[in-house]
Structures are given as C-alpha cells and as structure tokens.
Amino acid sequence: MARSPGGGDRRDRGGRGGDREKVDSEFTDKLVHINRVAKVVKGGKRFGFAALVVVGDLKGRVGFGHGKAREVPEAIRKATEAAKRSLLRVPLRDARTLHHDSEGRHGSGKVVLRSAPAGTGIIAGGAMRAVFEMLGVHDVVAKSMGSTNPYNVVRATFDALKGQENPRSVAARRSKKVSEIVSRRRDGSVAAEGAASEG
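All of these numbers come straight from a predicted model, not from anything done at the bench.

Novice: Is there a simple way to think about the overall build of the protein chain in this case?
Specialist: In terms of helices and strands, the protein chain carries five helices and nine strands. The helix and strand sequence of the protein chain, counted from the amino end, reads β-β-β-β-α-β-β-β-β-α-β-α-α-α. Out of the 199 residues belonging to the protein chain, those deemed buried represent 39%. Contacts spanning at least 24 positions in sequence make up 53% of the contacts within the protein chain whose residues lie at least 6 apart.

Novice: How should I be thinking about the environment of glutamate 26 in this particular structure?
Specialist: Summarising the element assignment, glutamate 26 is placed in the loop between β1 (21–23) and β2 (28–41). Exposure remark for glutamate 26: the relative accessible area of 46% places this residue in the partly exposed category. Sequence spacing of glutamate 26 and aspartate 57 is 31 residues, and the spatial spacing of their C-alpha atoms is 6.1 Å. Of the polar contacts made by the side chain of glutamate 26, one reaches the side chain of arginine 61; its length is 2.6 Å.

Novice: How should the pattern of salt bridges be read in this particular structure?
Specialist: Charged atoms that come close allow side chains of opposite charge to pair. For the structure on display, the rule yields nine salt bridges. Close ionic contact of lysine 30 with glutamate 133 constitutes a salt bridge, the shortest N to O distance being 2.5 Å. Of the two residues, lysine 30 is situated in strand β2 and glutamate 133 in helix α2 (residues 126–135); the sequence distance between them amounts to 103 residues. Since its relative accessible area comes to 12%, lysine 30 is described here as buried. Arginine 77 serves as the salt-bridge partner of glutamate 81, at 2.6 Å between the closest nitrogen and oxygen. Here glutamate 81 pairs with arginine 77, and both are found in helix α1 (residues 72–84), just four residues apart, close to one helical turn. Relative accessible area serves as the criterion here: at 37%, glutamate 81 is assigned to the partly exposed category. One connected set of salt bridges, linked through shared partners, spans Glu26, Asp57 and Arg61.

Novice: Whenever I open this one, the sheet that holds strand β9 (residues 140–146) confuses me. Can you help?
Specialist: As a general point, the strands of a sheet are linked pairwise by backbone hydrogen bonds and lie either parallel or antiparallel. The mixed open sheet is built from four strands, whose spatial order is β6-β7-β9-β8. Both edges of this open sheet fall to β6 (102–106) and β8 (122–123), since each of them pairs with a single strand only. In this sheet, β9 lies alongside strand β7 (residues 109–115) in antiparallel orientation, the contact comprising seven bridges. The residue bridging leucine 113 from the neighbouring strand is alanine 142, located in β9. Against the sheet, α2 makes contact with β7, β8 and β9, and its axis sits at roughly 145 degrees relative to β9, the strand it touches most.

How each quantity is defined
Residues numbered from 1 in each chain as written. Predicted model: local features only at pLDDT ≥ 70, side-chain atom pairs only at ≥ 80, totals over all residues. Heavy atoms only, no water. Helix = DSSP H or I, 4+ residues; strand = E, 2+ residues; numbered from the N terminus. Buried < 20%, exposed > 50% of the residue type's maximum accessible area, 1.4 Å probe, protein only. Contact = heavy atoms within 4.5 Å. Polar contact = N/O pair within 3.5 Å; in protein donor to acceptor, adjacent residues only side chain to side chain. Salt bridge = Lys/Arg side-chain N within 4 Å of Asp/Glu carboxyl O. Pairing = 2+ DSSP bridges. Axes fitted to C-alpha atoms, helices over the stretch in contact; angles between N-to-C directions.

Structure (structure tokens):
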C-alpha cells in the first residue's frame, strides 16, 4: 500500500503541532492538536489526519474548528475554515483580561477561568493557552480539571467564555449604573485580597 507523504513523519502525530502558528490578513490560527486516524476498509486500513485549530483576531474574537483529510495540510485548512465560521466575541477588560471569573464544562472536562492583574501573564496549559493567545488575553489564570482530551478542554473553555459579560450589559439588565457594578467588583476584589493576606 502506498503511504501518504505525511504518513511516515512522526512529528505530525499526537498533538505536538502546537508550535505552528499562521497569520492571515485578519485572523491568526494556531494548530492545537493533530491526530492520525485509521479507517478499516476491504484490503487494509486507510489512514487520514484529524486537526484541531483555534483562530482569533487577538482583539476579542476567537473560534475553533475540526477537520479531517488524507493529508495534514488539507485537514488543517478544513479545520481553519470551520473555526472562522464559528467565531465567538468575548468582552475583555482593558483589552488584556477577563471581566470576571467563570467555569465551563464539556463532557468530563471542566475548566475554571479567573481574571488577573496586569503582569500576571497567561497561566494556562495546553489547549487553553492557545485559545487565550488567539483571543488576545494577556493576563489570566486558568485551571483544567477532569478530561485532558484537547477537544473537551477547548469546548469547555469556550463554554466558560460564553458566560462572560461586560459591566455595561450587566448594568442594563439590572437597571443600575455602570459605576455601581464596577465599584462593587473593586470592593469585592479588595476584600478577597485582604482575606488571602490574613490567611
């Protein structure tokens, strides 16, 4: 059986492709995971590749996609197109971190996202880091629990990001002023820091 040009390269297998990053005109895409899959047919196995890609504009829009093909580049192209069709807009505070803490779930995967002060950096591993980098977040603390499958982790991260709201929308829903919402958030964070220092 003739093997595909990418079939013998072990570097294309098992999710070690996270270093690949491509800049498009408006969006940047990052390969999170690539896996070799096999389909059993009459006469043997037919190998292909499945790719998981995250795209974003580094300004609050991010999406992910999954693509399958016989060759690695085609799988990545399909995943990138799928990601651009499912973009999510996330409000950011000061264009660097999240507005509030949130949790997300998908299957047996669970993630916890926490906003962080300037200079913290992206404290997250694996698939979550790629999502935050493409989103344009510079300071965040994230923890993944349960499933380590990159597909579950990415979907759980997007589930948490869908719950993000900015103070303006919260104030409009609660018929309050934005200054009241922001001042309460600031008072709460100060109280939490004080409790942590006493402990």
